[in-house]
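# Structural description and commentary
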Amino acid sequence: MTEEHQPRRDEDQKEFAEEQASLFKITLAPLIWAAHFAACYGLVAVTCAKGWDIDAVRFGLLVASGAALCGIGWVGLTAWRQWNVAQTGDFVNRGGRAEDRHHFLGHAAFLLSIISLIGVVFVSLPLVLIGGCQ
Amino acid sequence: MTRPSGLPQPEGPYPPTDEMLAEPVPKDVQEAQAKRLRAAWETPKGWRYVTAVNNTEVGKWYCLTALVFMLLAGVMALIIRLQLAVPENDLVSADRFNQLFTMHGSAMMFLFAVPMFEAVSILLLPGMLGARDMPFPRLSAFGYWCFLIGGVFVIGSIFFDAAPRAGWFMYPPLATEDEGPGSDIWLLGLSFIEVASIAAAVELIVGTLKCRPPGMRVNIMPLYAWYVLVVGGMILFAFPPLIAGDFLFELERSFDWPFFDPTRGGDPMLWQHLFWIFGHPEVYIIFLPSIAIAAMIIPTVARRPIFGYSWIVLSAVGTGFLSFGLWVHHMFTTGLPSISLGFFSAASEAVVIPTGIQIFAFLATLMAGRVKMTLPMLWISGALAIFTMGGLTGVMLALAPFDFQAHDTYFIVAHLHYTLFGGMVFPVIAGVYYFFPFIQKRLMSDRLGKWAFWLTFSGFNLCFLPMHLTGLWGMPRRVYTYPGGLGWDWLNLISTVGAFVIAAGFATFVWDLIRPKHKQAQIPRNPWDGGTLEWTHDVPEEAWGVRSIPHVTTRYPLWDQPDMLARLDAGRYYLPDAEEGKRETLVTSVIDAEPVQVQRVTGPTWITLWAAAFTGGAFIFPTFSWYTPATISGALAICCIIWWLWTATAQVPEADSKDVGLGLRLPTYSAGPASVGWWAIWITMLGDATAFASLVFGFFFYWTASPDFPPDGAAHAVPGLIALAAAAFAVNWGLTVGARQLNRAGRVTPARICLVGAPLVAAAGAAALIYAVVELEPASHVYPAILWALAIWIAVHSGAGVIMQVYCLAGSLFGKLTPRYDADIWNVSLFWHFVTISALVTCAVLGLAPGAL
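For clarity, every value in this text was computed on a predicted model and none was experimentally measured.

### Brief notes about the overall build of chain A
Scanning chain A from terminus to terminus reveals 4 helices and 0 strands. Helices (α) and strands (β) of chain A occur, in sequence order from the N terminus, as α-α-α-α. Residue pairs at least 24 apart in sequence account for 77% of intrachain contacts in chain A once pairs closer than 6 positions are excluded.

### Description of the overall build of chain B
The helix and strand tally for chain B stands at 26 helices and 4 strands. Relative to the globule expectation of 29 Å for 853 residues, the C-alpha radius of gyration of chain B, 28 Å, shows essentially globular dimensions. Taking all contacts inside chain B whose residues are at least 6 apart in sequence as the whole, residues at least 24 apart take part in 81%.

### Let's talk about the interface of chain A and chain B
Many authors give the size of an interface as the accessible area that is lost as the parts come together. Contact with chain A, which involves 42 residues of that partner, is made by 38 residues of chain B. Of all the elements in the fold, those that place two or more residues in the side of chain A that touches chain B are α1 (9–50) and α4 (98–129) of chain A. Residues of the side of chain A that touches chain B, tallied by class, amount to 29 nonpolar, 8 polar and 5 charged.

### Structural notes on the environment of Phe247 of chain B
All names here are of chain B. Its location among the elements puts Phe247 in helix α8 (residues 223–255). Here Phe247 falls in the buried class, since 21 other C-beta atoms lie within 10 Å of it. As a C-alpha pair, Phe247 and Ala791 span 544 residues in sequence and 13 Å in three-dimensional space.

### Here's the deal with unusual backbone geometry
Residues and elements named next belong to chain B. Between Tyr14 and Pro15 the backbone carries a cis peptide bond, its omega angle lying at -5 degrees. Positive phi values are uncommon outside glycine, yet Asp161 reaches one of about 55 degrees. Along the chain, Asp161 turns up in the loop between α5 (137–156) and α6 (174–177). For Asp161, a count of 13 C-beta atoms within 10 Å gives the class partly exposed. Even without a glycine there, the phi angle at Arg303 is positive, about 50 degrees. Structurally, Arg303 can be placed in the loop between α9 (268–302) and α10 (309–322). You can call Arg303 partly exposed: it has 14 C-beta atoms within 10 Å.

### A word on the environment of Ile193 of chain B
Residues and elements named next belong to chain B. With respect to the secondary-structure elements, Ile193 resides in helix α7 (residues 182–210). With 25 C-beta atoms packed within 10 Å, Ile193 lands in the buried category. Taking C-alpha positions, Ile193 is 8.9 Å from Ile149, a pair spaced 44 residues apart along the chain. Beyond its immediate sequence surroundings of up to four residues, Ile193 is in contact with Phe110, Cys146, Phe147, Gly150 and Gly151.

### Some words on the nonpolar core
Residues and elements named next belong to chain B. Ranked by internal contacts, the top residues of the largest apolar core, which has 331 residues, are Ala347 and Ala430. Counting residues per element, this core draws most heavily on α9, which supplies 23 residues. For this core, the two domains that each supply at least three residues are domain 1 (49–221 + 574–670) and domain 2 (672–852). With residues near it in sequence (within four places) discarded, Ala430 still touches Ile293, Ala294, Ile297, Pro376, Trp379, Ile380 and Ala383.

### A closer look at the domain arrangement of chain B
Residues and elements named next belong to chain B. Taken domain by domain, chain B comprises domain 1 (49–221 + 574–670) and domain 2 (672–852). Contact with domain 1, which involves 19 residues of that partner, is made by 15 residues of domain 2. Per-element tally for the side of domain 1 that touches domain 2: the top contributor is α7, with 6 residues. Each residue belonging to the side of domain 1 that touches domain 2 can be placed in one class, and the counts come to 14 nonpolar, 4 polar and 1 charged.

### Section: helix α20 (residues 607–620) of chain B
Residues and elements named next belong to chain B. In a regular helix each residue adds 1.5 Å, so 14 residues correspond to 20 Å; α20 covers 20 Å between its end C-alpha atoms and thus fits that length. Buried within α20 we find Thr608, Ala611, Ala612, Thr615, Gly616, Gly617, Ala618, Phe619 and Ile620. The inward-facing, buried residues of α20 contact α5, α7 and α21 (627–648).

### Focus on the packing of helix α13 (residues 375–397) of chain B against helix α16 (residues 446–472) of chain B
Residues and elements named next belong to chain B. Taken N-terminus to C-terminus, the directions of α13 and α16 make an angle of 10 degrees; their axes are 10 Å apart at the nearest point. Comparing the axis directions of α13 and α16 gives the class roughly parallel. Residues Leu375, Leu378, Trp379, Gly382 and Ile386 of α13 form the contact with α16, whose participating residues are Asp446, Gly449, Lys450, Phe453, Phe457 and Phe460. Residues that form the contact of α13 with α16 fall into these classes: 7 nonpolar, 2 polar and 2 charged.

### Comments concerning the confidence of the model for chain A
All names here are of chain A. Looking at chain A as a whole, its pLDDT mean stands at 84, while 84% of the residues score no less than 70. Confidence, read as mean pLDDT per element, is least for α1 in chain A (80) and greatest for helix α2 (residues 54–83) (94). Low pLDDT, under 50, characterises residues 1–9; the stretch is placed with 11 contacts to residues that sit more than four places away or in other chains.

### A few points about the packing of α9 of chain B against α10 of chain B
All names here are of chain B. Here α9 crosses α10 at 170 degrees, and the two axes come no closer than 11 Å. Here α9 lies roughly antiparallel to α10, going by the angle between them. Across the interface between the two elements, Tyr284, Leu288 and Ala295 from α9 touch Ile312, Ala316, Thr319 and Gly320 from α10.

### So, α10 of chain B
For α10 of chain B, built from 14 residues, the straight-helix expectation of 20 Å at 1.5 Å per residue is met to within 8% by its first-to-last C-alpha distance of 20 Å. The element α10 of chain B is largely enclosed, with a buried count of 14 among its 14 residues.

### Focus on the pairing of strand β3 (residues 657–661) of chain B
All names here are of chain B. Note that β3 and strand β4 (residues 664–667) share 4 bridges and pair antiparallel. What sits directly across from Gly661, in β4, is Leu664. Hairpin connection between β3 and β4: a loop of 2 residues separates the two successive antiparallel strands, and Leu662 in this loop has a positive phi of roughly 55 degrees.

### Here's the deal with the confidence of the model for chain B
When pLDDT is averaged across chain B, the result is 94; 100% of the residues are at 70 or more. Listed scores for the predicted complex are pTM 0.94 and ipTM 0.89.

### A word on the pairing of strand β1 (residues 584–588) of chain B
Residue and element names in this part refer to chain B. Along β1, 5 of the 5 residues are buried, which leaves the element largely enclosed by surrounding structure. Summarising the sheet, β1 and strand β2 (residues 595–600) pair through 5 bridges and their orientation is antiparallel. Within β2, the residue paired with Leu586 across the bridge is Val598. Between β1 and β2, which follow one another and run antiparallel, lie 6 residues, and Ala593 among them has a positive phi close to 55 degrees.

### Brief notes about the environment of Thr78 of chain A
Mapped onto the fold, Thr78 of chain A is located in helix α2. Given 17 C-beta atoms within 10 Å, Thr78 of chain A falls into the partly exposed group.

Reading the values: rules and limits
- Residues numbered from 1 in each chain as written.
- Chains lettered and ligands numbered in written order.
- Predicted model: local features only at pLDDT ≥ 70, side-chain atom pairs only at ≥ 80, totals over all residues.
- Helix = DSSP H or I, 4+ residues; strand = E, 2+ residues; numbered from the N terminus.
- Contact = placed C-beta atoms within 7 Å.
- Rg over C-alpha atoms; globule rule 2.2 N^0.38 Å.
- Nonpolar A, V, L, I, M, F, W, Y, C, P; charged D, E, K, R; others polar.
- Buried ≥ 20, exposed ≤ 12 C-beta atoms within 10 Å, placed from the backbone.
- Core = buried A, V, L, I, M, F, W, Y, C linked by C-beta atoms within 7 Å.
- Domains from an automatic or database assignment.
- Expected span 1.5 Å × (residues − 1).
- Axes fitted to C-alpha atoms, helices over the stretch in contact; angles between N-to-C directions.
- Parallel < 35°, antiparallel > 145°, perpendicular 65-115°, else oblique.
- pLDDT = per-residue confidence, 0-100.
- Pairing = 2+ DSSP bridges.

Printed below as a string of structure tokens:
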């Protein structure tokens, strides 16, 4: 299952840079979730402690939720393309070629963007459902 | 920008072709290679056995020590259950009871559950990755000895009636005001062990990223390795907040600095936040690696590849992230605004999704496969059943209104034991049965194993299922006795009976584990027909780990690469020899595992024991306020560690590259991002930065929580000195990085001049920072106290950084550090990148925040 040709070093380095980016991309969607979560918790905590205008903060955070969802959606879309399951038909990506690893990282990033999407929706619900700082 | 060091690049064909692999190795060559390899990896005999650093030895000690601590904590649980068996019991006093439950929780968490992950991973991971050893064997050994010393110290306190007694979470003000050394023993003893945990996490992360066999790309590595990566990362972000909390707590205990004392501006809630930012991810730090064992066992018993590999990776990574958004669900009744509770409630519900996905993936694998019901699988089935129950009550408790009712009752005790037994104890025991042939080259008894399982399983449910009801009927946790006639009597009695049935199960298991097995015939090499690399182990045992490091192209190489085992045994693959008589393993690239370097790993030594003993002194003596012996001990520990590094790490090799087999030549030395040491520093400093961030969080937390922070008319840090410190740290950074660049460019003398200047400037910076706050009274209010704490943090780090700079200077003078071999200065400048950022942030907080807030 090894590759046919011996890869050249420069070719490798370029590919490596791309893959480093896609390893990072696996964590990108959860990181957006984490940033959104921290922003919601932190800002609401300070607002309630300092008596700032909670309604304005809720509205601002809901806008931020929208932005986070768009960001995760974008990550998910690029990951879906990288996985490329529609063309390869390979849902498992268990091969030993560079291509398999490339598709796998896309697959994993895609799944993580779905879970992050759900996470952001969950965490945004209290902003809608709970009125103030009581 | 940086000039290349001139060290050779890997040369030769890679990946190997089928013809190359098919070519046989002559018999006499094989034998000569095996002999040299055996000599290089020989385990020390007799009383020198304790100097061993090989992962198979250290891993075994680690597991056994954690097991002993677990049994001790289990005995404490039995005493607790005896005391509660009947109402108005007086078997133990209230004070003793407090010590028992505090110690039971602390020991189970810090001395068993977390160390068990490290222990099992150190023991198994190199086997699964076809590596000879972990990249830093002496670090593992050092971590183990620290764990042993700290653990004996902490758990031993109960025999002197001096154990901590404020609950395993040490809430102030109860714990800060508590008389006697109990709280200090908890804080210092466990901080010591936390440091060892972080060391293990660094080791495991670097091992997974850089020591995989050639060809094992990230999409085909064993799932266990994915879990190790995730859990290692979680340890790096979860433990440091607790270490920062411990630091503040101990300053309050020892010097009366009022971090958690509300009468002087402090806030006990800060401790709760820092503790649970650690405490909740910790639950998953315990759970994920144990479920990872299930992910290794299930494909074997189902005789098919795991179903949904990517889905399991998703669930591991997803759980890792989400688990950091749950900590406040331990604090639902502390009076936070309900909208804040809502966020944590929502995240607590969301984490169920990835957790559930992995369980469904396991079930799907079992349904699609031809299951052979083995003993390990029996334990895994028990685990899944129990864990699911615990998960369901978890979903209930994540709803804040339900939690208000159940908080601090036995319902919680039932819930947490269901998650921990199902999520940790059962899978780990399954793992012991499954991996015992790999570890000891013997088999455990099927009959005793079934007895142990049914006793533990039924005893567990007998003990903890009624507790849900006990809790719902209102029995609070942590009471040493209760009046009769409230409906709790018979429930408690059943629980006590159940506890002793569990104990009988454990006794059976432990007996099976330790009973002599010399008479057993030689076991088959792969008794379960597993597909992963650890089952290429040698029977009878060889200490070299793997005869030659294979080229792996599939997820289950023993199933899918039929010729691999014979070729591996013949030494056809990489590093089949130890020509120089040195211990070596392969270092590969992070994503695609292309071979990049031959790493020399360290061998048996006494120095790790000495270093651990003195480090132990530095942590243990302050418990009794013996500061002079503590300081001496700390200094000796530093000396030991320097000697250890100087004589064993980043040694100039006798040749720049060597033939590793199959025509490939690899370099024997590397510096910067190519080296494992650099990665280790990077990962360590990430954890360190998290601890620092927790301190800064503390500063802003006080500002949020109190209307007058800083208080009106408070004295501030001296602005001029702060500016001076900031300038000094910036200059120091320039000199350090400059030394690295100049040295690499061959301009050794200017580099040495930089290395003379840098420590002086750094010391001046630290001194300026301390002088900026020296006039403030830290015991008077939390504001000066937190400024002091930040300044001390930076000063201590600068001290370590100065030692490192002087080490590099000495290296340059004595030929250990040259323009060609410069790993040390790369690592030191990486350390200073982090410390410089922390120092500048500290200067900003000290100098600018009083004006801005």
